[in-house]
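Report on the structure
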Amino acid sequence: MDRQRRLVVGYVGLVVAVLAAYIAIYNYGMAVWEGNPQPIHRSVQGIVQTVTTVGYGGDAPHTSPQMNYFLSIVQLSSLVLIFAALPVLVVPLFEDAFRTTAPTAVSGLEDHIVICNYGPREEVLIEELLRRDVDYVIVHADRDVATDLYTDGYSVIYGNPEQDETLERARLEHARTLIVDIDDETNPSVLLAGWEVDPDARAISIVEEPERADYHRYAGADHVFAPREALGENLADKAIGAFSPEAVEAISIDEEFEVAEFPLQSGSELIGRTIVDSGIREQTGAAVIGAWYRGTFESPPPADARFDARSIILAAGTEPELDRLKEMTLTERRPHQGHVVVVGMGVVGRTIAAELDAAGLSYATVDLASGPDVDVVGEATDRDVLEAAGADEAATVVLALPDDAATIFAAFVVRELNPAVELIARADNVESVSKLYSAGADYALSLATVSGRMLASIVLDERIISPSTQIKLVRTPIAIDEPRSLADLRIRNRTGCTVVVVERVDEAVTDLHGDFVVEPGDELVVAGTDPNIDRFLTTFA
């Protein structure tokens, strides 16, 4: 029962109780104070007339002071009850009459995505769907939330997703995918309802606790996604890459080339150099798609931005080309192995610890509650606790706390305690990422960003390059009438995209330079952010 309904029920109950008490007292007063006994229905009439202010009742005038005092109290309290009805009954009635409400069904949608519930990761997912012109409908069980989403322009219906008829009204039988993200206990019920509506519908379920994934599969989920586990894996990759860039896995785009991120080690020959004078393209053949500069991702990298020990390069090329680039990011003096501190041992922290174990790195853990995986117990913002875990001498500290405010404060403490440390942080909200960079984090990733983009990659059957960026690759014929060099086309300057490969007949050319000539009919594989890709397709496709 929502708050408004509770108020109405409470108000009606109060009015009934007050009237019953007044009728009883009035009936008694007429018999004892006025000496004029009467049946109860006459007393009901007298009180109703008095309370509604339509008159003083057929029994007036009353002669006893007790009855006059009593009726004065009745009249005053009646005014209170009438004015109390305004915010409880009258105002909501008019608000409901003039307010737009969310619909309970959609029509005409085909090959769309049915999303049960709405939150930050669904916001990221919907942004990805809209960029690819994929229709969706949100199903929400809270009428007020559904109405707010509807008035904000979202495609949404109000209804209980655990009921078959609600999913039928969302046209699940015509949908591409069902996504369920309510809670670990409710999701299986929705999955079963979805199976009743369309046994062939593809279903994706979101779990907070990875160990519960099997139950969701039993209920019919084709794919079970654990966002916190995925975030932990991504943060662990950054921590491991700081020690062993060679351990960072490349993503194969096809048989010809790969995409990978390379963190720069302190002492790398690239530190202090710009993308222009780095010689990366000339010495390695790899194409730099983008780079992280002090927590900001730039694609393409600015010509005057200089790499430092916190920079991360995102590049594409063949395996030998990426191997050559990897050597440029390394230093002969490797960071001290075995000194990583993981703060927060929830699902994210435990996942990071498991990845560090698999990579052969030793570490210390901090958590507020004791447990078999916790080395130091205490507040993450307590300097003494962090020192006890070795954060003052650590090469890397990973903040995996579930509270963004605590994470931001802890980032200040860690940075003051160890100015040279590589600080990697988790954020739950997208808005907290910029604050974490301001607090001293070298790399921060939000749960909503990772889960939303990875969820989009599952729904759209796409390979994700990096969940912290929106880089994608497209292959398309170039629309030119005559051969032109890359320098003449100025693709990067005009669109921000990087040409990774030129495919011609059965040949894939990755060794590209300014005087390379692109011919009509060539297919280009280009990389860039979504806006950059849109500009490229508008200009050259």
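Here, every reference points to the structure presented above.
Notes on the structure in this doc start here. (Residues numbered from 1 in each chain as written. Predicted model: local features only at pLDDT ≥ 70, side-chain atom pairs only at ≥ 80, totals over all residues. Heavy atoms only, no water.)

Here we look at the sheet that holds strand 15 (residues 396–399)
The 6 strands are arranged 14-13-12-15-16-17 in an open sheet whose pairing can be described as parallel. A strand with exactly one partner marks an edge of an open sheet, and here the two such strands are strand 14 (376–377) and strand 17 (443–446). Relative to strand 13 (residues 363–367), strand 12 (residues 340–343) runs parallel, the two being bridged by 4 bridges. Note that in strand 13 the partner of Val 341 across the bridge is Ala 364. (Pairing = 2+ DSSP bridges. Helix = DSSP H or I, 4+ residues; strand = E, 2+ residues; numbered from the N terminus.)

Observations concerning the pairing of strand 1 (residues 113–116)
For a regular strand, side chains alternate in direction, first toward one face of the sheet and then toward the other. Residues of strand 1 alternate between two faces, with Ile 113 and Ile 115 on one and Val 114 and Cys 116 on the opposite face, all of them buried. As defined by bridge partners, strand 1 adjoins strand 4 (residues 177–180) across 4 bridges and the pair is classed as parallel. Bridge pairing in strand 4 places Ile 113 opposite Thr 177. Two strands pair when backbone bridges link them, and strand 1 and strand 2 (residues 136–140) are joined in this way by 4 bridges, in the parallel orientation. Along strand 2, the bridge assignment pairs Ile 115 with Ile 138. The handedness of the strand 1 to strand 2 crossover, carried by helix 4 (residues 120–131), is right-handed. (Buried < 20%, exposed > 50% of the residue type's maximum accessible area, 1.4 Å probe, protein only. Right-handed = clockwise from strand over helix to strand, strands pointing away.)

Things to note about the packing of aromatic side chains
Within a pair of aromatic rings, the relevant descriptors are the distance that separates the centres and the angle that separates the planes. One pass over the full model with this rule turns up 5 aromatic pairs. Judged by centre distance (5.5 Å) and plane angle (65 degrees), the rings of Tyr 118 and Tyr 154 are edge-to-face. On the criterion of sequence distance, the pair formed by Tyr 118 in the loop between strand 1 and helix 4 and Tyr 154 in the loop between helix 5 (143–151) and strand 3 (156–158) is long-range, its members being 36 residues apart. Residue Tyr 118 is classed as partly exposed on the basis of its relative accessible area, which comes to 24%. The exposure class of Tyr 154 is buried, given its relative accessible area of 19%. (Phe/Tyr/Trp six-rings, centres within 6.5 Å; stacked < 30°, edge-to-face > 60°.)

Describing the environment of Val 397
With respect to the secondary-structure elements, Val 397 resides in strand 15. Remark: the alpha-carbon pair of Val 397 and Val 342, spanning 55 residues in sequence, is separated by 6.0 Å. The contacts of Val 397, once residues within four sequence positions are left out, are Val 341, Val 343, Ala 391, Val 414, Val 421, Glu 422, Leu 423 and Ile 424. (Contact = heavy atoms within 4.5 Å.)

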